[in-house]
Amino acid sequence: MENKPDILEILTRTQTGEYCTQKEWDTKRIPGTIRNILKEHDLAGACDPDNPVNTDMELADKFYAAGYQAALELGFHCTDTERIISVTQGELDLAVEAAPSELLVGEGQHATLLKSRTPSDPYPMKTACTLGIAVSEEYWPAMHYLIAREPEVDLLNGGSLITIRGKEVLSSTPIETFMGYEHAQMHKEARRKAGRPGMGAIVSISAVTEYGMLSSYGAKGGYSTKDLALVLFPSEMKIDYRTLHKVVQVHNVGGAMKADSPAMIGGMPGPPEGAVISSIACALLQYTILQPQTGGGEVYDVRTLSNVNREALWAQSLSMQALGRNTHLMTHPCMNQVSGPGTEKLLWEIAASVAVGAVAGGTLSTGPRSAGGKLTDHITPLECRFMSEISHAASGMALEDVNEFVKAALPHYEDTIKEPDLGLPFQKAYNLDTLEPIPEWQAIYHKVKDECIDLGVPLNPW
Amino acid sequence: MAIDPKYSELVTNIENGDEDGGIEAAKGLLESGVDPLDIVQDAIMPCLKEIGDRFARMEVFLPEMMLAADVVKGVQDVLRERFSAIEVASEGRVVIGTVFGDIHDIGKNIVAAVLEANGYEVHNLGVNVDPKDFIKKAREVDADLIGLSSLMTTSIPYMRDVIDLVKESEVDRDRFKLIIGGGPVSEETVELTGADGWGENAADAVDAVRALMESG
Ligand code: B12
């Protein structure tokens, strides 16, 4: 017997746990519990937007204690049965202790070693590009071949397919099941063609429900169990059977899982401080209930539909620091930009937000979310390269230095977060004959990169 | 507009999301002879508007908005009970949900709460809603409008399904207006699905709903 809580027993709590309507969970349990804990731990009003990277490690530890308490008081809510999956302190401690602190994703010379990190850890935060932005079938192969070819990109995630063999991919239908398997072939081909057949993959971004994933993960000819299966579940601390099917499948085939659910500033946990507590609690609970190998700790801001604004950067820095200092969990700061490809602002948003995740102690970051992830084909390999360069270079920096860097980066984009320039789609930002970025986009990249170097980020000059 | 101090207990309970307290305060007002329509127009409406404005400024958050709307529902039931002859003013009745295959709920919940704060009666069906369930609920509550949310291209066709079901039905065609929203939704999606309107954010949603209600 493995020394961790029995997942089957925990899953039965979706039927036997305390009954609580979803409305009660959303509007009373989550906000009420978090509000009380904020007060009890004297953390209300701690957010310092003038210093978007927290440098007070005592504060990080205080937030960890608050998040730990919230995890034990709350648990997860199963939205199918409206029952609460609570866990005991013993179970939580055992599960967090049993979670791995290292994981090799992929195979052979192109595999990537993920490691648990502390703030300013010299071991680099790794990247998985991109983030499920809808991509047309026509451009998917070239775009993903080019992303896999970027040497600094560690893992290949990818764009969500909107059609497969010209047919609309309609969620939960057999077309989704078909797409899941075929997408795996396309994904493998992109990595093979780029000369990195063993490069690790995130599985499967196009799978909107369990169908697309069950048809491809661990299936013969599909994704390998050395790839990382993606399990995203609804905030705040809600889980449903659809997602749990994915979880059980990963355990069944002996694969590795990355689980995530962003805490929402302005949503149920309220202010940035509340979202930090929710994010820590959610991470601790997911390792007890879903038992992934990696993931957790994300914060998102519903007011800016991103997390590149000051409060969100501050909250993201704290949740990573709290988890990085107090556990060996391998966390996931997912940074959500709003400007589009071909714009200078996108690169500044990436630089600031990814540097925060890297220096604060994140293990793996998925991105970028160009144009907020809203527009089809609005993502290019060049910003994937830039994100990965920043992630690797900013990892070992001092918190104070990244704080100064972020303060210098913010004025480049802060005024347009709510009305961003959505930029260009792949087919306009790249020359499809040469498969190179258009000169204007390339020049912007060089300019912002040089400025980041001048501001102290140790990027390799181009 | 300042709210008359005689309503302060009711207003405080709405702001605090205390349903029992709100109902007690409303009963007290009725007993002292205050006209129920005045309670709605002079206390509830301005109070909800103020909460909506505070939400826009992020001084209060989503749960406070949702709870305030609940208190108001409870209070309106009391007013209706006592004075069944009086139709308590509602701007209109909206059925809203996230369409099939999609579990993103935050944006839809914000829109639902903001519509409630603006005086609409909102029936929130949750996420992953089967197309037929929208119609069923809309018929059941005699809705004026159906609001569909989707954040994923893979679920947008389900919006079209709901809209087709309405447009193909002689009973429902002239009865329910259809409004859509969510990350990838745009003018183009409106054309693609045949919706009557769309909203880019919550404030937009209120304007669009209002415009559709006015268009009859
Ligand atoms: C948070 C999030 C999640 C959370 C959801 C948490 C929750 N409780 O809702 C989790 C982690 C669960 C999740 C899961 C997934 N997600 Co997701 N998610 C997001 C993200 C980052 C933000 C969404 C959000 O909450 N925004 C905040 C709210 C306030 O904004 P909003 O929803 O847009 O709402 C506003 C307006 O649109 C409008 N509005 C909304 N609804 C309505 C309705 C009406 C009637 C009107 C008038 C207006 C209106 O008003 C709102 C208020 O201003 C988006 C990225 C993005 N830019 O949207 C991706 C995104 C939607 N997700 C995406 C994907 C791919 C997924 C997954 C499939 C990933 C996977 N493989 O597992 C799963 C899907 C599971 C499923 N079956 O639904 C893709 C979709 C791509 C596509 N195919 O179109 C996106 C776009 C990410 C990306 N590409 O960058 N996700």
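Residues numbered from 1 in each chain as written. Chains lettered and ligands numbered in written order. Predicted model: local features only at pLDDT ≥ 70, side-chain atom pairs only at ≥ 80, totals over all residues. Heavy atoms only, no water.

A.B. asks: Can you help me understand empty space enclosed by the protein in this one?
C.D. replies: Empty space among the atoms can be located by rolling a probe the size of a water molecule over them. Residues and elements named next belong to chain A. According to the stated counting rule, one finds one cavity of 30 Å³ or more in the structure shown. Estimated volume of the largest cavity: approximately 30 Å³. Lining the largest cavity are Ser261, Ser279, Cys282, Ala283, Gln286, Gly296, Gly297 and Glu298. Of the residues contributing to the lining of the largest cavity, the split by class is two nonpolar, five polar and one charged. (1 Å grid on protein atoms, 1.4 Å probe; cavity = no way out; pocket = protein on both sides within 12 Å on 5 of 7 lines; lining within 4 Å. Points joined across faces, edges and corners; volume = space filled by probe spheres on them. Nonpolar A, V, L, I, M, F, W, Y, C, P; charged D, E, K, R; others polar.)

A.B. asks: Explanation requested: the sheet that holds strand β12 (residues 228–232) of chain A in the structure shown.
C.D. replies: Strands belonging to one sheet form pairs held by backbone hydrogen bonds; the direction of such a pair is parallel or antiparallel. Residue and element names in this part refer to chain A. Read from one edge of the open sheet, three strands run β11-β12-β14, paired in parallel fashion. Lying at the two open borders of the sheet, with one neighbouring strand each, are β11 (202–203) and β14 (256–260). As defined by bridge partners, β12 adjoins β14 across five bridges and the pair is classed as parallel. Residue Leu232 lies in a different strand from β14, and its bridge partner there is Asp260. Packed onto the sheet, helix α8 (residues 241–252) meets β12 and β14 and runs at close to 155° relative to β12. (Pairing = 2+ DSSP bridges. Helix = DSSP H or I, 4+ residues; strand = E, 2+ residues; numbered from the N terminus. Contact = heavy atoms within 4.5 Å. Axes fitted to C-alpha atoms, helices over the stretch in contact; angles between N-to-C directions.)

A.B. asks: What exactly am I supposed to notice about the nonpolar core here?
C.D. replies: Among soluble globular proteins, nonpolar side chains are generally buried collectively. Counting 121 residues, the largest nonpolar core has Phe76 and Leu284 of chain A together with Leu10 of chain B as its most contacted members. The leading source of residues in this core is helix α9 (residues 272–289) of chain A, at 11 residues. Three or more residues apiece are contributed to this core by two domains, here domain 1 (5–82) and domain 2 (92–214) of chain B. The residues touching Phe76 of chain A, leaving out its near neighbours within four places in the chain, are Trp25, Arg83, Ile84, Ile85, Phe233, Met237, Ile239, Cys282, Leu285, Gln286, Ile289 and Leu290 of chain A. Within the second largest apolar cluster, 65 residues are counted, among which are Tyr139, Ala352, Ala393 and Ile444 of chain A. (Core = buried A, V, L, I, M, F, W, Y, C linked by side-chain atoms within 4.5 Å. Buried < 20%, exposed > 50% of the residue type's maximum accessible area, 1.4 Å probe, protein only. Domains from an automatic or database assignment.)

A.B. asks: Which parts of the structure should I look at to understand the domain arrangement of chain B?
C.D. replies: The parts lose accessible area when they come together, and the size of an interface is often stated as this lost area. Residues and elements named next belong to chain B. When the domains of chain B are assigned, the result is domain 1 (5–82) and domain 2 (92–214). The C-alpha centroid of domain 2 is placed 26 Å from the C-alpha centroid of domain 1. Taken residue by residue, the interface counts 11 residues in domain 1 and 10 residues in domain 2. Here domain 1 and domain 2 share an interface that buries about 780 Å² over both sides, 73% of which is from carbon and sulfur atoms. When residues of domain 1 are sorted by the area they lose upon contact with domain 2, Leu48, Leu62 and Met65 head the list and together hold 43% of the total. The tally of links from domain 1 across to domain 2 stands at one salt bridge. A salt bridge links Lys73 to Glu116, with the shortest nitrogen-to-oxygen separation between them at 3.2 Å. At the junction of domain 1 with domain 2, the criterion picks out one residue pair in polar contact (both at pLDDT 80 or more). Those elements that provide at least two residues to the side of domain 1 that touches domain 2 are α3 (36–56) and α4 (62–82). A total of six residues in the side of domain 1 that touches domain 2 trace back to one element, the largest contributor, which is α4. Taken together, the residues of the side of domain 1 that touches domain 2 sort by class into seven nonpolar, one polar and three charged. (Buried area = accessible area lost by both parts, 1.4 Å probe. Salt bridge = Lys/Arg side-chain N within 4 Å of Asp/Glu carboxyl O. Polar contact = N/O pair within 3.5 Å; in protein donor to acceptor, adjacent residues only side chain to side chain.)

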